[in-house]
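Chain by chain, the residues run as shown.
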Amino acid sequence: MDIIVRQEEEPTKRHILDGRLTSSSLDSLPEGCVCLILSLTTPRDATRSSAVSTCLNSAAQSDVVWEHFLPTDYTDIISRSTSPLIFSSKKDLYLRLSLSPVLLDEGNKVISHPSVLCYIYIYIHTSILCVYVCLFEQSIVLNRLTGNKSCMIGSRKLAIAWAGSRRFWNWLPLSNSRFGEVIHLRNVCWLDICGKIEKKMLSPNTNYAAYLVYNIAFGFQGLEFVRVSMRFLGPGGVLVEEKPEFDVNLGSMEDDERGRLKQGDDGWLELKVGEFFNGEEEDNGGSVETCLKETRVLNWKSGLVVQGIDFRPNLPLPLPLPQTPPQLSLSII
């Protein structure tokens, strides 16, 4: 009997010593250990492993595994969602959050109750009365392969000069907008748009890129030299770092030599404002602020439609496949 036991255990020991874990060696482990191993991989690897064996399939469906892939604040996301998130397991919740953006902070209800969820900031700048309207509207979606969060600040949450006056700006309902409505620039000489997001809302240890999501309407003019900036604020709003500013023509991708402008799959134009690395979760006590301004030349500006500012994980591009060198053909003449 002892010989039989050693013969069964010997292959497992050999596979572990060689650094290889086969399905038979994993099946011999307790399911809790298998769940721990899968939780240290990626959602994609965990899903693929379910086809290897019955043991791995059972572990790959475990709430222990998928809770590790979910954001640490997923309970807060559930409570702040505008519509109920119905799910039967943590894996089901993960797939739901990665399927389509989830509106937070009662984004759609802001439209019908602006007086309740609205903060208005008024200050005097160079003899111009600036009214900044900031409403809570935000969406979040997970990257299905990595679980990293993409977070978009809707136009209702942006700080926009003169947004409270219908003479200069108006709100338009659009079916292809994530938030149901967008802000449209009618006519203004002082363009000042700023968006801020708390770094704790983003995934830690992740490279991010910020994009202004906008479009061009009839009568577009005066936005050929918009100044774009990005800065990082610590606790209490203390300036920590500031990226170099640059000018961009929002109306022409042909003038964009650095490739910052592109058109998304949904038809909206996207301006890449900048990139940054979001560090450890315990260090993310500050915020990221992006601004677009044209206050140097006080000409009339119009025809800009803004949906919001999107903060997405800046995933590396896949490596290109190696090209097969052409074969030499010899011919006898």
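Below, the structure is looked at part by part.

Reading the values: the criteria
- Residues numbered from 1 in each chain as written.
- Predicted model: local features only at pLDDT ≥ 70, side-chain atom pairs only at ≥ 80, totals over all residues.
- Heavy atoms only, no water.
- Helix = DSSP H or I, 4+ residues; strand = E, 2+ residues; numbered from the N terminus.
- Buried < 20%, exposed > 50% of the residue type's maximum accessible area, 1.4 Å probe, protein only.
- Contact = heavy atoms within 4.5 Å.
- Areas by Shrake-Rupley, 256 points an atom, 1.4 Å probe, with all protein chains shown as cover.
- 1 Å grid on protein atoms, 1.4 Å probe; cavity = no way out; pocket = protein on both sides within 12 Å on 5 of 7 lines; lining within 4 Å.
- Points joined across faces, edges and corners; volume = space filled by probe spheres on them.
- Nonpolar A, V, L, I, M, F, W, Y, C, P; charged D, E, K, R; others polar.
- Polar contact = N/O pair within 3.5 Å; in protein donor to acceptor, adjacent residues only side chain to side chain.
- Salt bridge = Lys/Arg side-chain N within 4 Å of Asp/Glu carboxyl O.
- Arc of directions from axis to C-beta.
- Disulfide = S-S within 2.5 Å.
- Core = buried A, V, L, I, M, F, W, Y, C linked by side-chain atoms within 4.5 Å.
- Domains from an automatic or database assignment.

The secondary structure content of the protein chain amounts to eight helices and 17 strands. Counting all 333 residues of the protein chain, 44% fall into the buried class. Of the contacts formed within the protein chain by residues at least 6 apart in sequence, a portion of 69% connects residues at least 24 apart. With an accessible surface of roughly 19000 Å², the protein chain has 56% of that area assigned to carbon and sulfur atoms.

Below, the discussion takes up the layout of surface pockets. With a probe scaled to a water molecule rolled over the atoms, the places where space remains empty come into view. One number sums up the size of the second largest pocket: a volume of about 510 Å³. Along the wall of the second largest pocket there are 24 residues; nearest its centre are His68, Phe69, Leu70, Pro71 and Pro204. Among the elements that line the lining of the second largest pocket, the one with the most residues is helix H6 (residues 63–69), at three residues. The residue makeup of the lining of the second largest pocket, split by class, is seven nonpolar, 10 polar and seven charged.

Quick look at the side chain of lysine 149 now. Along the chain, lysine 149 falls in strand S5 (residues 149–154). At a separation of 3.1 Å, a polar atom in the side chain of lysine 149 contacts the side chain of aspartate 73. Among the polar contacts listed, one links the side chain of lysine 149 to the backbone oxygen of methionine 201, at a separation of 2.7 Å.

Overall, the coordinates contain 13 salt bridges when judged by the stated rule. For arginine 227, the salt bridge goes to aspartate 247, with nearest N and O atoms at 2.5 Å. With arginine 227 in strand S11 (residues 226–233) and aspartate 247 in strand S13 (residues 246–248), the pair connects residues that are 20 residues apart, well separated along the chain. Linking arginine 296 and glutamate 294 is a salt bridge whose minimum nitrogen-to-oxygen distance equals 3.8 Å. Of the residues examined, arginine 296 reaches a relative accessible area of 45% and is grouped as partly exposed. Residue class for glutamate 294 comes out buried when judged on its relative accessible area of 4%. Put simply, Arg227, Glu245, Asp247, Glu294 and Arg296 are held in one network by salt bridges that share partners.

Another aspect to go through is helix H8 (residues 90–99). Buried residues of H8: Lys90, Lys91, Leu93, Tyr94, Leu97 and Ser98, and no others. Buried residues of H8, seen end-on, are gathered within an arc of 160° and therefore sit on one face of the element.

Now for the state of the cysteines. Overall, the coordinates contain one disulfide when judged by the stated rule. The residue that forms a disulfide with cysteine 194 is cysteine 291, at a sulfur-sulfur distance of 2.3 Å. Judged by the sign of its S-S torsion, about 115°, the cystine formed by cysteine 194 and cysteine 291 is right-handed. Here cysteine 194, found in strand S9 (residues 191–198), pairs with cysteine 291, found in strand S16 (residues 287–294); they are 97 residues apart in sequence, far enough to count as distant. Judged by relative accessible area, cysteine 194 falls into the buried class, the value being 14%. Sulfur of cysteine 55: no disulfide; nearest cysteine sulfur belongs to cysteine 35 and is 8.2 Å away.

What follows covers the nonpolar core. Counting 63 residues, the largest nonpolar core has Trp169, Leu271 and Phe311 as the members making the most contacts within it. For this core, the two domains that each supply at least three residues are domain 1 (31–67) and domain 2 (141–313). The contact partners of tryptophan 169, leaving out residues within four places of it in the chain, are Ile160, Ala161, Trp162, Ala163, Ile183, His184, Leu185, Arg186, Leu191 and Ile193. Judged by nonpolar contacts, the second largest core, of seven residues, contains Phe179, Val213, Trp268 and Val305.

The subject of this paragraph is the environment of lysine 90. Here lysine 90 lies in helix H8. Of the residues examined, lysine 90 reaches a relative accessible area of 16% and is grouped as buried. Expressed as a C-alpha distance, the spacing of lysine 90 and valine 65, which sit 25 residues apart in the sequence, is 8.5 Å. Setting aside residues up to four positions removed in sequence, lysine 90 forms contacts with Asp63, Trp66, Glu67, Leu70 and Tyr74. Engagement of the side chain of lysine 90 in a polar contact is seen with the side chain of tyrosine 74, the distance being 3.3 Å.

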